[in-house]
Every structure is written in structure tokens, then in C-alpha cells.
Amino acid sequence: RDYNANIVLNNLYKYTQLETTFGIINLALVDGIPRILTLKELIKYYIDHQKEVVTRRTQFDLDKAKARKHIVEGLIIAIDNIDEIIKIIRSSYDDNEIKGIFLEKFGLTDLQSQAILDMRLKRLSGLEIEKLNAENKELEETITYLLSILNSDEKLIDLIETELNEIKEKYGDERRTKLAPDEGEIDIE
């Protein structure tokens, strides 16, 4: 009761978890070698890692879009020549023979031919051509966009920045603790 409030507060800071200080060691693996990094180096290596991750992901998406576009182009050719395609399928017994005829007559690759053979004839209707043309156009736009990301460091950095801002919006909240410089040892009095 007769104690000075500042002395009591300083004792609380000193002997409890009310105020905690801790040091940080930025130890990280750089090219398989453990190194202690400065904050600037830590950020640089993180951005380099993000560039690699986004580049790989974009390349994967690009390869997937190109593969789908290839198949869609084959399906468009099949729908344009539907009567001949059906006649060839009915007259042949072997899938390899059909693929060979498709290659000769229409220039279809093995993947395109297999996609046509796997498709139900109902899907080769006139309405399907509009969907395929729309999908083909959408795939062209996607491929163009993905190539622009891979060919431009500026767009790559913008994409990384956008993704980090989305993470910040989704998971970020106000700081709950106060950061203050260390004022040295607490003087009880």
C-alpha cells in the first residue's frame, strides 16, 4: 500500500511475463548451406523463392492449357467432318487403324484421335461446336496471359505482390503486442 506504483510495475516487468524480450537468429538454408541472414537478405531470398514457385505454377498451368487446346482443336476438326469420322469409326475395327486414318485424312495427332474415340457420339453434336469454339478462345487468352507472366519479370512481381496482399487481407489483423526498443536493465527504483 505504501509502495511507489512505478517500483511495483518495474518489479512486475522484471519477474513476470508482462514484458518479454527475445533475440532473433535468422538462420536459413541458402543453396543447401545454413546461413545467418540479415533482414534484407531474408526478404530477398523469400522473393526469389516466390518467383520460382509462381514461375513453376504458371508453367504447369500453361502446359495444361496447351494440352487441352490441342485436344479441343482436334475435336473441332472432328465436328466439322462428323460424317466422315463416324464412317471411319464404323468401318474400322482397330483403334490404331482408326488413328492412322485420322492422321492421314485430317492431320490429327494420337492424343486428338484418342480423345475423339473416347468421346460419346452424342457430344459430337452441333451445339457442342459452339462450346468448343468458346473454350478454344478462352484457352488462347489463358495461354497468352500465362506466357506474358513468364516473359515479364514485372508482371511476375506484380502477381506475387497481389497474392501476398490477398494473404494479408485474408489472415492479417492488428498487432496485439507493442514493439519497443530495449531500454537496458530495469532499475527497480
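Only a predicted model underlies this, so the values are computations on that prediction, with no experimental measurement involved.

Report on the pairing of strand E2 (residues 33-36), specifying residues and quantitative values.
As paired elements, strand E1 (residues 27-30) and E2 share four bridges and run antiparallel to each other. Following the sheet pairing, Ala-28 is matched in E2 by Arg-35. If you look at the hairpin formed by E1 and E2, you'll find two residues sitting between the two strands, and Asp-31 has a positive phi there, around 55°.

Account for the packing of helix H4 (residues 95-106) against helix H5 (residues 110-118), naming residues and giving values.
Where H4 meets H5, the closest approach of the two axes is 9 Å, and the angle between their N-to-C directions is 120°. Overall, the two elements H4 and H5 adopt an arrangement that is oblique. Every pair of crossing elements has a handedness; the one defined by H4 and H5 is right-handed. On H5, the residues touching Asp-95, Ile-98, Lys-99 and Phe-102 of H4 are Asp-110, Ser-113, Gln-114, Ile-116 and Leu-117. Here the residues of the contact of H4 with H5 are counted per class, giving four nonpolar, two polar and three charged.

How would you summarise the packing of helix H2 (residues 39-80) against helix H7 (residues 153-171) if you had to cite specific residues and measurements?
At their nearest, the axes of H2 and H7 sit 10 Å apart, and the two run at 100° to each other. The orientation of H2 with respect to H7, classified from their angle, is roughly perpendicular. When H2 is examined against H7, the residues Tyr-46, Ile-47, Gln-50, Lys-51, Val-54, Thr-55 and Arg-57 are found in contact with a partner set consisting of Leu-156, Ile-157, Leu-159, Ile-160, Glu-163 and Leu-164. Here the residues of the contact of H2 with H7 are counted per class, giving eight nonpolar, two polar and three charged.

I'd like a description of a nonpolar patch on the surface, backed by residues and values.
A surface patch of nonpolar side chains, about 760 Å² in accessible area, is lined by Leu-39, Ile-43, Tyr-46, Ile-47, Ile-157, Leu-164, Ile-167 and Tyr-171. Those elements that provide at least two residues to the nonpolar patch are H2 and H7. For Ile-47, the location among the structural elements is in helix H2.

With reference to specific residues and values, describe a negative patch on the surface.
A cluster of acidic residues, Asp-94, Asp-95, Glu-97 and Asp-118, forms a negative patch at the surface. Turning to its location among the elements, Asp-118 is positioned in helix H5.

Quick one: what's the story with the pattern of salt bridges, residue by residue and with numbers?
Any two side chains of opposite charge can pair, given that their charged atoms come close. Taken as a whole and judged by the stated rule, the model has ten salt bridges. Put simply, Lys-44 and Asp-48 hold a salt bridge, and the shortest N to O gap is 2.8 Å. With Lys-44 and Asp-48 both in helix H2, this residue pair falls four residues apart, about one helical turn. Since its relative accessible area comes to 46%, Lys-44 is described here as partly exposed.

Requested: an account of the side chain of Ser-92, with residues and values cited.
Along the polypeptide, Ser-92 turns up in the loop between helix H3 (82-91) and H4. By relative accessible area, which is 8% here, Ser-92 ends up buried. Here Ile-88 takes part through its backbone oxygen, which lies 3.1 Å from a polar atom of the side chain of Ser-92. Residues in contact with Ser-92, not counting those within four places in the same chain, are Glu-97, Ile-98 and Ile-101.

Mind laying out H4, listing which residues take part and the relevant values?
Compared with the 16 Å implied by 1.5 Å per residue over twelve residues, the 16 Å span of H4 between its first and last C-alpha is a close match. Residues of H4 that are buried include every one of Ile-98, Lys-99, Phe-102 and Phe-106, and no others. Down the axis, H4 shows its buried residues gathered within 100° of arc, on one side only. Of the residues in H4, the exposed ones pointing more than 90 degrees away from the buried face are Asn-96, Leu-103 and Glu-104. Of the surrounding elements, those touching the buried residues of H4 are H2, H3 and H5.

Cut-offs used in this document
- Counting of residues starts from 1 at the beginning of each chain's written sequence and follows it residue by residue.
- pLDDT decides what is reported in this predicted model: residues at 70 or higher carry local features, side-chain atom pairs at 80 or more are listed and counted, and totals for whole chains, interfaces and linings draw on all residues regardless.
- Processing note: side-chain calculations cover all non-hydrogen atoms of the structure and skip hydrogens and water entirely.
- Between any two strands, at least two bridges found by DSSP are needed for them to pair.
- Helix numbering and strand numbering both begin at the N terminus, where a helix is a DSSP run of H or I of at least 4 residues and a strand a DSSP run of E of at least 2.
- Only the stretch in contact is used when a helix axis is fitted, and all axes are lines through C-alpha atoms; the angle between N-to-C directions ranges over 0 to 180 degrees.
- Orientation is classified from the angle alone, with under 35 degrees giving roughly parallel, over 145 giving roughly antiparallel, 65 to 115 giving roughly perpendicular, and any other angle giving oblique.
- Crossing chirality is assigned from the near helix's rotation relative to the far helix, an anticlockwise turn below a right angle marking it left-handed and a clockwise turn marking it right-handed.
- Residue contacts are defined here by distance: any two heavy atoms, one from each residue, within 4.5 Å place the two residues in contact.
- Three categories are distinguished: nonpolar for Ala, Val, Leu, Ile, Met, Phe, Trp, Tyr, Cys and Pro, charged for Asp, Glu, Lys and Arg, and polar for the others, with Gly belonging to the last.
- Patch construction takes residues with relative accessible area above 30% that form no salt bridge. Like charges are linked within 9 Å, and nonpolar side chains (Val, Leu, Ile, Met, Phe, Trp, Tyr) are linked within 5 Å.
- Only the protein chains shown count as cover for residues, and the accessible areas themselves come from Shrake-Rupley with a 1.4 Å probe.
- Just to be clear on terms, a salt bridge is a Lys or Arg side-chain nitrogen sitting within 4 Å of an Asp or Glu carboxyl oxygen.
- Residues counted as positive are Lys and Arg, residues counted as negative are Asp and Glu, and His and the chain ends are not counted.
- Taken as the charge location is NZ of Lys, CZ of Arg, CG of Asp or CD of Glu.
- Under the scheme applied here, a residue whose accessible area is under 20% of the maximum for its type counts as buried, over 50% as exposed, and between as partly exposed, the area being computed with a 1.4 Å probe on protein chains only.
- The definition of a polar contact used here is a pair of N or O atoms within 3.5 Å, where within protein one atom must be able to donate a hydrogen and the other to accept one, and adjacent residues in sequence count solely through side-chain atom pairs.
- Between the first and last residue of a helix there are one fewer steps than residues, each counted as 1.5 Å, and that sum is the expected span.
- Note that the arc is defined by the directions from the helix axis to the C-beta atoms.

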